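So the chains spell out like this:
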Amino acid sequence: MKNIIFIIFLSISGVSLGFAQEQSEEPRKITIIHAGTLMAVAGEDTLSEQSIIVEDGKIIDVTASYVSEIDDADVTIVDLSDKFVMAGLMDMHVHLAMSRGPGKNAADAALAGVSNAYKTLMVGFTTVRDLGATDDTIFKLRKAINDGDVIGPRVLSAGSIIGVGGRSNGKECNGVESCRKTTRDMITGGADWIKIYSSCSGGQLCSNKDGAAMFFDDEIKAITDVAKKYDVKVAAHSHPTASAHQVLGYGVSSIEHGSFIDEAAMDIMIRDGVYYVPTVAVMDLLETVLEEGDRPAEMLAHDQSFYDNNPPNIFKAYQRGVKIATGTDAGVVPHGKNYREVERFVELGMTNADALKAGTINSADLIDKSDELGTIEVGKIADIIAVSGNPLTEIKDIENIVFVMKDGRVYKD
Ligand SMILES: [Zn+2]
């Protein structure tokens, strides 16, 4: 008999768990992480001196006390006994491969994408949702990362943004047939999500509180109908109050920015389980712009209203019970500083634990991957990071990433 089936019992918190293992000639390759402080699930109590046992990219056990050997296995120990260990962070709003400006094209976007992907993973963000790239660059980058040719986070991608077309307003959706065609093209081209530009960009005056929604109702309906047909979710860029109400009426799954969402919109989001990705890290950019004052007075007043209104409004949504996930809008703000969203959450009043929850559990839930990502539990994908210090007591410690594992492979140690 070539293969022998045998059973190994490992003790998890006093309970015995058995699993079958088919043994071939090669010994099993197992990585055991010794975690000094383990936040297995953000929002729950941390545990000390735990062993996380990883095999074939998955967490196969978490045990109290440090385990150093497993029978018939080739074991690698990662000593994080003086570190804070948690699930990989997730950024639900990035633009890894988006090039804008004179003379820039898809080649620039692709090159930048490779570097941006690396920076993102090195700061502990093991999964991102990319909400708008130049042409097909993000689909190719996603493949290169999956194939192991480029180092970067796991990417879910919306491809290009769908908007009313023209200038910088996204891929053409102008009239029902055009919106259907563009949405279908994006999904058949490889989009995991659809991203729509349902209001002006934050850099335009028409994105203010009373700005108009960009699409006609039949256009939004055409997009969301196609998305539903292919079982793909829709993320809506929205600043003005009216555009949020319009897209919520057609069943989008996340509101991006949501700068001027009112309480009525918040209540619809709570009722329908719609996520809010407020991209509050953009306040870093606004701070600089306002300090420099190098813009027309009308534009500065517009920026000031965003700066004054958004953080308290996000806090209001949080207190009211809207589900919030982290998203920096990296691409508009720098890549590799994705931790700023978590830090900004705490600055606006969120507890450290809830900010870390937004960057792990909530983000995994937003992309329907709660069974695979967001916590350190048996059966989950081994996306594990470690920091020096303790971000539950000092949120800035989230910047001190000393270890990154994605899919069971170590990228930073
Ligand atoms: Zn964006």
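Bear in mind that the values here come from a model prediction, so they are computed numbers and not experimental data. (Residues numbered from 1 in each chain as written. Predicted model: local features only at pLDDT ≥ 70, side-chain atom pairs only at ≥ 80, totals over all residues. Heavy atoms only, no water.)

A. Looking closely at the nonpolar core. Counting residues in hydrophobic clusters, the biggest one holds 81 residues, and the most contacted among them are Ile194, Ile196 and Ile255. Here this core spans two domains, since at least three of its residues come from each of domain 1 (4-87 + 374-412) and domain 2 (89-366). The residues contacting Ile255, other than those within four sequence positions of it, are Ala236, Ser238, Ala244, Val247, Leu248, Ile261, Met269, Val274, Tyr275, Tyr276 and Val277. Judged by nonpolar contacts, the second largest core, of 19 residues, contains Val41, Ile52, Val62 and Ile384. (Core = buried A, V, L, I, M, F, W, Y, C linked by side-chain atoms within 4.5 Å. Buried < 20%, exposed > 50% of the residue type's maximum accessible area, 1.4 Å probe, protein only. Domains from an automatic or database assignment. Contact = heavy atoms within 4.5 Å.)

B. Here's a closer look at the pattern of salt bridges. A full pass over the atoms with the stated rule returns 28 salt bridges. Measuring nitrogen to oxygen at the nearest pair gives 3.9 Å for the salt bridge that ties Glu177 to Arg180. Residue Glu177 and its partner Arg180 are located together in helix 3 (residues 176-188), separated by three residues, close to a single helical turn. With a closest N to O distance of 3.7 Å, Arg320 and Glu263 form a salt bridge. Here Arg320 is found in helix 8 (residues 297-320), whereas its partner Glu263 is found in helix 6 (residues 263-272), with 57 residues between them in sequence. (Salt bridge = Lys/Arg side-chain N within 4 Å of Asp/Glu carboxyl O. Helix = DSSP H or I, 4+ residues; strand = E, 2+ residues; numbered from the N terminus.)

C. Structural context of helix 3. Taking 1.5 Å of rise per residue, the 13 residues of helix 3 would be expected to cover 18 Å, and the 18 Å separating its terminal C-alpha atoms lies within 8% of that figure. Burial in helix 3 covers these residues: Cys179, Thr182, Thr183, Met186 and Ile187. Around the axis of helix 3, the buried residues are gathered within 130° of arc, so they sit on the same side. The outward face of helix 3, more than 90 degrees from its buried face, is lined by the exposed residues Glu177, Lys181 and Thr188. Along its buried surface, helix 3 packs onto helix 2 (137-146), strand 10 (162-163), strand 11 (171-172), strand 12 (193-197) and helix 4 (217-229). (Expected span 1.5 Å × (residues − 1). Arc of directions from axis to C-beta.)

D. Quick look at the domain arrangement of the chain. Each assigned domain of the chain is listed with its residue range as follows: domain 1 (4-87 + 374-412) and domain 2 (89-366). Here domain 1 and domain 2 have C-alpha centroids that lie 32 Å from each other. Between domain 1 and domain 2, the residue contacts involve 26 residues of the former and 24 residues of the latter. Approximately 2,000 Å² of surface area, both sides summed, lies buried where domain 1 meets domain 2, with 68% of it carried by carbon and sulfur atoms. Remark: the boundary between domain 1 and domain 2 carries three salt bridges. (Buried area = accessible area lost by both parts, 1.4 Å probe.)

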